[in-house]
Amino acid sequence: MDPALSAVRLSVREAVHTLSSEDGGRIFSTLGSLKRYLGQTENPALPGEQEEFARVHFSAFLRCLVSKLSPDWLELLPDGQLEELWASFFLEGPADQAFLVLMESIEGTAGPSFRLMKMAQLLARFLSAGRMAAVLEGQCWQHTESASPLLQETLLIRVVTLPDRLGNRLQRESLAVFLPQNYFPLLGEEIVRVLQAVVDSLRGGLDCSVSFVSQVLGKACVHGRQKEILGVLVPRLMALTQGSCLWQRVCWRLVERVPDRAMEAVLTGLVEAAPGPEVLSRLLGNLVMNSRKAQFVLTQKLLFLQYRCTTPMLQSLLGYLATDSQRRPLLVQALKELLETWGSSSAVRHTPLPQQRYVSKAVLICLVHLGDAELHDSRDELLASLMAGVKCRLDSSLPPVRRLGMVVAEVASTRIHPEGPPLRFQYEEDELSREMLALATSRPAADGSLETGPSVPPVAADTPDKEPEESDIPQPPPDGSDSELDSDDEFVPYDMSGDQELKSSKAPMYVRDCVEALTTSENWERWEAALRALEGLVFRSPAATREVSVELAKVLLHLEEKTSVAGFEGLRQRALVAVTVTDPARVAKYLTSQFYALNYSLRQRMDILDVLTLAAQELSRPGRLGRAPQRGSPGPASQPSSAVAPAWRAVVEERIRSKTRRFSKGSVGRGPAAGPNEFNSVAGYFFFPLVQHFDRPLVTFDLLGDDQLVLGRLAHTLGALMYLAVNTTVAVPMGKALLEFVWALRFHGDAYVRRGLLSAVSSVLLSVPAERLLADLPDELLEARAWLAGERWAVVGGRQAGGRCSPSSHEGLWSRAEAPELSKTQSKGQRLSCPQCGGGGTAIRGHWSPTGAPQRRHPVMRDGVCLFWKIPNLWKGYKVSTMDPRQIHQILAFCHILLLTTFFS
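Residue numbers restart at each chain and count upward from 1, following the sequence in its written direction. Given that the model is predicted, a residue must reach a pLDDT of at least 70 before its local features are reported, and side-chain atom pairs must reach 80 or more before they are shown or counted; all residues, however, enter totals for whole chains, interfaces and linings. With hydrogens and water stripped out, all remaining heavy atoms of the structure feed into the side-chain values.

Rules: UniProt positions are given in the numbering used here, feature names are shortened, and annotations may be inferred rather than shown by experiment.
The name an unreviewed UniProt entry assigns to the chain is Telomere length regulation protein TEL2 homolog, from the organism Equus asinus. According to UniProt, the comment filed for the chain under the heading Sequence similarities (unreviewed entry) is "Belongs to the TEL2 family."

This is how it looks when you write it as structure tokens:
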């Protein structure tokens, strides 16, 4: 055995044994003698002994020092002498082993303790002393020896995840240096120190590697710490690579050796942190030509698959491709692919607007960097993609998309084909268009940055005679100007609350012009103006409307919202109602015929029902003839008077009211003006076609099948039309037809349909006079009464699933109105009197039963029971304020039928 190696082993064993004693002086002397193996004393050990101690014994000895750490052990010597000597082994020995032991001891300590805090404070001193650079630097020379992949992987994980591990262990007691916002800038400074050492070694003729540093940089960026670490690293490297080819080569190799899985994160961070393409070129070199992963990230991922890069980042990225002749073919290829994407109709429809802006900016920046000769070689391909994109964007309904196509088309056509006629469009300038034009009018300077120049002539916008130097952007006042003294803040601003938006297209003045605009116009502003003005024009020009009423109703029924018009459905519905009111017979005949026609959606069929109901309501409104012509929007001249007149009139009426003494006060308001019901003559056109064909299924429309929603809406609409036809000559036939309709659907399983049927029965009872009901509809009334009183349809009882009543939980309306039971004091056969009418009765089978002549004693008799008892008992047990409306409908309808069939029988 080698005596020297045996001496090192014996010294370490003696030191470990001495650490267990309580003699502080002896411990201090032993540790001091052992430091000579670290080469930090006046008489250091031999190099072989130092190497053997560092390679074999150092980590184990550090773990022994950690195990002895306690308050009593450190107090064996005063003034912290022992603690300082103990810490020197971690701060002066091999950095990688000391770092791993520190991390291992911190992670292995269970819970908060004295040892945990001491180790955390020591690790903070370790980082502050710059020992992390020694950890990284030690791995740069491992390539000449047998480097351990396991050791490097362990170091890599511990170095990058140090803030997370310390935060999990220390919780709220974590030190400031361990916070991510402080640790990763420190790590960036340490990387710069390591690279400086690498450069010095290369100048001295020594070989080294930056692979481990590249792995640390890549893993930190993958963990999302690009801004912290590159925010320190890039400015330092930018200054160091200025005029130094060796530093540039070191930076190129640093990025080249980044693993592929981390290449995207590193390159994205570098593009974001680099202040310009020239700096990015110094840091990356021709990496895009040597690494397929880097080429994919820079020319595909950042341009097409993402749109998070800002405009300066795009300028740096594309400027980097343009600063070297070897990389310029990639810029030409990128422009071709960008224009191909920009010209894709699918991309225009399915990509969000921010991404379209992003691609458009990239196209303009590429055009700025490419020369005429490079563009001339690919002119045909570029023009084809450009024209396809212009067409797709001009066909879009979104103004920003159209404006984007106009700006890019004007600039790109001037650059790609300068000999041809330039494209010119009229559009409103906004912040985006001005930014795009600024990108187009800038050209690369000598240092690779962009400067403004006249390479592309400015494009005219709304005002063609506007000078190029004029701009809507307010210029900042020069320093020392008197602009603050000339401020107009003291002036009262104008009241602009009543201002209206100026439209380039005027609203049509005639109904036929509206029809033409809604059917053939490609000007969306004119289309919207026609839709908004149509209702007023219809009421102001009834004669002209009747000439095209059916055609106009057809256009409105099939009208689709092609632009984002506020309140489109309301405008369309009101226009249809106005046309139907103006020419009710023909339009109602057309609409009812289309309700059962093919190729209509459920939404359109329900729109037809809504329009018919609203039009019938308008036609049946009293005094409609005097107010109908004023439905349109008032002209500009009538607005001031209409706004001023109510004000002074209210003041005068208030003064008169306050000074007038009244002894009695009659009705304050005047009732609605009487007049003929206009719905009388056209009610049949609205009602009967809807009732005729409800039981005939179509290919896409089956009221008795799946389209129960439309059937329920139809039942409600028929009930509304019946109610609006009150006191008309056609009310009786309508009531009879409606009761037959109800009878056919009385057992329908959908609750919404049954609710509509109840509403329809109530409308018949309210609209048809009682005499006509009993004279013309006796059978229908009896059927309706039996249906309403039956078990299966009484909605006031308990229901099972499916909408049907359970016999055990429900009795019909009639059973709820049975005569009261006998009390315990009333015996069978006892003579009683009716509490309501005074008629005589006898106690029979537990119930009170009337006797005598029913016509004389009980004038209102039905089935042997006094109705003065029966009808009030219908409401027994119900609280009207909490009842469902359909329950009230059914009870009222049943009471109505019951009284009618009793009094007039």
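From this point, the narrative continues.
A short note on the packing of aromatic side chains
The test is simple: In this scheme Phe, Tyr and Trp rings, the latter by its six-membered ring, pair at centre separations within 6.5 Å, and the angle between planes marks the pair as stacked below 30 degrees, edge-to-face above 60, and tilted otherwise. Put simply, DSSP H or I for four residues or longer makes a helix, DSSP E for two residues or longer makes a strand, and each gets a number counted from the N terminus.
Summed over the entire model, instances satisfying the criterion amount to 13 aromatic pairs. Consider the rings of F99 and F126, whose centres lie 6.1 Å apart with planes at 25°: the pair is stacked. One end of the pair, F99, is in helix α6 (residues 95-108); the other, F126, is in helix α7 (residues 114-128), with 27 residues separating them in the sequence. A ring pair is formed by W527 and F568, whose centres lie 6.1 Å apart and whose planes are at 15°; its orientation type is stacked.

Observations concerning the side chain of Q139
Quick reminder of the rule: Buried, partly exposed and exposed residues are distinguished by accessible area as a fraction of the type maximum, computed with a 1.4 Å probe on protein chains only: under 20%, between the cut-offs, and over 50%, respectively. Distance and chemistry together define a polar contact, namely a pair of N or O atoms within 3.5 Å, with one atom able to donate a hydrogen and the other to accept it when in protein, and with adjacent residues in sequence counting only for side-chain atoms on both sides. Contacts are assigned to residue pairs that have any heavy atoms within 4.5 Å of one another.
In this structure, Q139 sits in helix α8 (residues 131-140). Take Q139: its relative accessible area is 5%, and that puts it in the buried class. At 3.4 Å, the side chain of Q139 forms a polar contact with the side chain of Q152. Among residues more than four places away in sequence, those in contact with Q139 are D96, Q152, L155 and F212.

Brief notes about helix α11 (residues 180-203)
As a reminder, the rule being used: The span one expects for a helix is its residue count, reduced by one, times 1.5 Å.
Compared with an ideal rise of 1.5 Å per residue, which puts 24 residues at 34 Å, α11 spans 34 Å between its outermost C-alpha atoms and is within 8% of the ideal. Remark: G205 follows α11 within two positions and exhibits a positive phi of approximately 85°.

Remarks on the environment of T30
Relative to the elements of secondary structure, T30 occurs in helix α2 (residues 24-34). Sequence-wise, T30 and E14 are 16 residues apart; in three dimensions their C-alpha atoms are separated by 8.2 Å. Residues within four places of T30 in sequence aside, it is in contact with A15 and T18.

Here's the deal with the pattern of salt bridges
Using the following cut-off: Any carboxyl oxygen of Asp or Glu within 4 Å of a side-chain nitrogen of Lys or Arg constitutes a salt bridge here.
All told, the structure shown has 30 salt bridges when counted by the stated rule. Between R512 and E547 there is a salt bridge; the shortest N-O distance is 3.3 Å. Of this pair, R512 sits in helix α27 (residues 511-520) while E547 is found in helix α29 (residues 542-547), placing the two residues 35 residues apart along the sequence. Using a relative accessible area of 48% as the deciding quantity, one classes R512 as partly exposed. Across the salt bridge formed by R603 and D607, the nearest N and O atoms sit 3.0 Å from each other. Of the two residues, R603 and D607 are both situated in helix α33 (residues 602-619); the distance of four residues between them amounts to about one turn of the helix. Overlapping salt bridges, with partners in common, bring together E569, R572, R603, D607, D610 and R713 in one network.

Digging into unusual backbone geometry
With phi around 60°, N599 is a residue other than glycine that occupies positive phi space. Of note, N599 is situated in the loop between α32 (584-595) and α33. Since its relative accessible area comes to 72%, N599 is described here as exposed. A positive phi is found at N727, a non-glycine position, where the angle reads about 60°. Within the secondary structure, N727 is located in the loop between α37 (708-724) and α38 (731-744).

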